[in-house]
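Reading the structure
Given next are the chains, with one letter for each unit.
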Amino acid sequence: SGRDALQAIAANRGPWNWVLVKPNPDTMELVTGGAGSVDEMRECLLSHTEVVLFGLLRLVFGAGRLKRTKHVLVHAVGDLVPIVTRGRMAAERCKMEFGVRGFAHCPVTFEVSSAQEFTLEAVIERVRRSATIDDSVLDGDGASRFTYSVEAVRDAQWDERGMAPSPST
């Protein structure tokens, strides 16, 4: 279900790192999810241009002691959603945000009005702006000041895929 998928992503378990649900705070009906992060989520949004969806995205940065997990709340309004529907869904937005945030702390909300603008670089930039990085602490560890970068996400994603349980046959 949508709630199970949201809970798994928030709890950092399971093979998926993103999920999209329908905008009903009572049911949170699952639309889809996957392990392909922002790129895969964007492809899904490109095929759902006539609906409003909400989602949760888990991004992992870094490794070891400096590993950080950030959750992003996604509010996607398809390009072809009628004006009347946009207005009705605006009334549900607060309820949906509250519902999704009940699963995970989301320091970033990304409103998508065009799937093309939903890129890994754009999401990471929003995460960087919301994250406090103490450079003096990072210097002591010899870590990069660019902990929140595309490369850090790709490396962590590769590590997570290696640790994910293999699907049963």
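Here goes a summary of the coordinates provided. (Residues numbered from 1 in each chain as written. Predicted model: local features only at pLDDT ≥ 70, side-chain atom pairs only at ≥ 80, totals over all residues. Heavy atoms only, no water.)

As a further point, take empty space enclosed by the protein. Space left empty within the atom packing is revealed by a probe, the size of a water molecule, rolled over the atoms. Scanning the entire structure with this criterion turns up two cavities of 30 Å³ or more. Roughly 100 Å³ of internal volume is contained in the largest cavity. Lining the largest cavity are 14 residues, and of these Leu45, His48, Val77, Gly78 and Ala115 sit closest to its centre. At the level of secondary structure, the elements contributing two or more residues to the lining of the largest cavity comprise α2 (37-46) and β4 (68-77). (1 Å grid on protein atoms, 1.4 Å probe; cavity = no way out; pocket = protein on both sides within 12 Å on 5 of 7 lines; lining within 4 Å. Points joined across faces, edges and corners; volume = space filled by probe spheres on them. Helix = DSSP H or I, 4+ residues; strand = E, 2+ residues; numbered from the N terminus.)

With that settled, consider the pairing of strand β5 (residues 108-112). Residues Val108, Phe110 and Val112 of β5 are buried on one face, while the alternating residues Thr109 and Glu111, pointing to the opposite face, are not. Looking at chain direction, β4 and β5 are connected through five bridges and run parallel. Bridge assignment links histidine 75 to a residue of β5, and that residue is glutamate 111. (Buried < 20%, exposed > 50% of the residue type's maximum accessible area, 1.4 Å probe, protein only. Pairing = 2+ DSSP bridges.)

Right, let's get into the side chain of serine 37. Position of serine 37 among the secondary structure elements: in helix α2. Among all residues touching serine 37, those that are not within four sequence positions of it are Asn17, Trp18, Leu57, Leu59 and Gln157. (Contact = heavy atoms within 4.5 Å.)

Take helix α3 (residues 83-101) next. In this model α3 runs 26 Å from its N-terminal to its C-terminal C-alpha over 19 residues, within 8% of the 27 Å that 1.5 Å per residue would give. Met89, Met96, Glu97, Gly99 and Val100 are the residues of α3 that are buried. Buried residues belonging to α3 abut α1 (2-10), β1 (18-21), β3 (52-61), β4 and β5. (Expected span 1.5 Å × (residues − 1).)

Time to look at the environment of leucine 53. Note on placement: leucine 53 falls in strand β3. What makes leucine 53 buried here is its relative accessible area of 3%. For the pair leucine 53 and alanine 76, spaced 23 residues apart in the sequence, the C-alpha separation amounts to 5.2 Å. If we skip the residues at most four places from it in the chain, leucine 53 touches Leu20, Val21, Lys22, Val31, Leu45, His48, Val74, His75 and Ala76.

We now examine the pattern of salt bridges. Once the charged atoms of two side chains with opposite charge are near each other, the side chains can pair. In this structure the tally under the stated criterion is seven salt bridges. Of the charged contacts in the structure, one is a salt bridge between arginine 42 and aspartate 39, with a shortest N-O distance of 3.2 Å. Of the two residues, arginine 42 and aspartate 39 are both situated in helix α2; the distance of three residues between them amounts to about one turn of the helix. When the shortest N-O distance is used, the salt bridge between arginine 93 and glutamate 97 registers 2.5 Å. Placement of the pair is arginine 93 and glutamate 97 together in helix α3, with a separation of four residues, close to one helical turn. Look at arginine 93 and you get partly exposed, because its relative accessible area is 22%. (Salt bridge = Lys/Arg side-chain N within 4 Å of Asp/Glu carboxyl O.)

Along the chain, histidine 75 falls in strand β4. The exposure class assigned to histidine 75 is buried, which follows from its relative accessible area of 5%. At a separation of 3.4 Å, a polar atom in the side chain of histidine 75 contacts the side chain of arginine 93. In contact with histidine 75, not counting residues within four places along its chain, are Val52, Leu53, Phe54, Arg93, Phe110, Glu111 and Val112. (Polar contact = N/O pair within 3.5 Å; in protein donor to acceptor, adjacent residues only side chain to side chain.)

Our next topic: the nonpolar core. Ranked by internal contacts, the top residues of the largest apolar core, which has 27 residues, are Leu57, Leu59, Val72, Phe118 and Val123. Contributing elements (two or more residues each) for this core: β1, α2, β3, β4, β5, α4 (120-130) and α6 (150-163). Setting aside residues up to four positions removed in sequence, phenylalanine 118 forms contacts with Val38, Met41, Arg42, Leu45, Leu57, Val74, Phe110, Val112 and Val123. Ala5, Ile9, Leu73 and Met89 belong to the second-largest nonpolar core, a separate cluster that totals 18 residues. (Core = buried A, V, L, I, M, F, W, Y, C linked by side-chain atoms within 4.5 Å.)

So, about the environment of glutamate 151. As for its position among the elements, glutamate 151 is in helix α6. Distance in space between the C-alpha atoms of glutamate 151 and phenylalanine 61 is 8.7 Å, their sequence separation being 90 residues.

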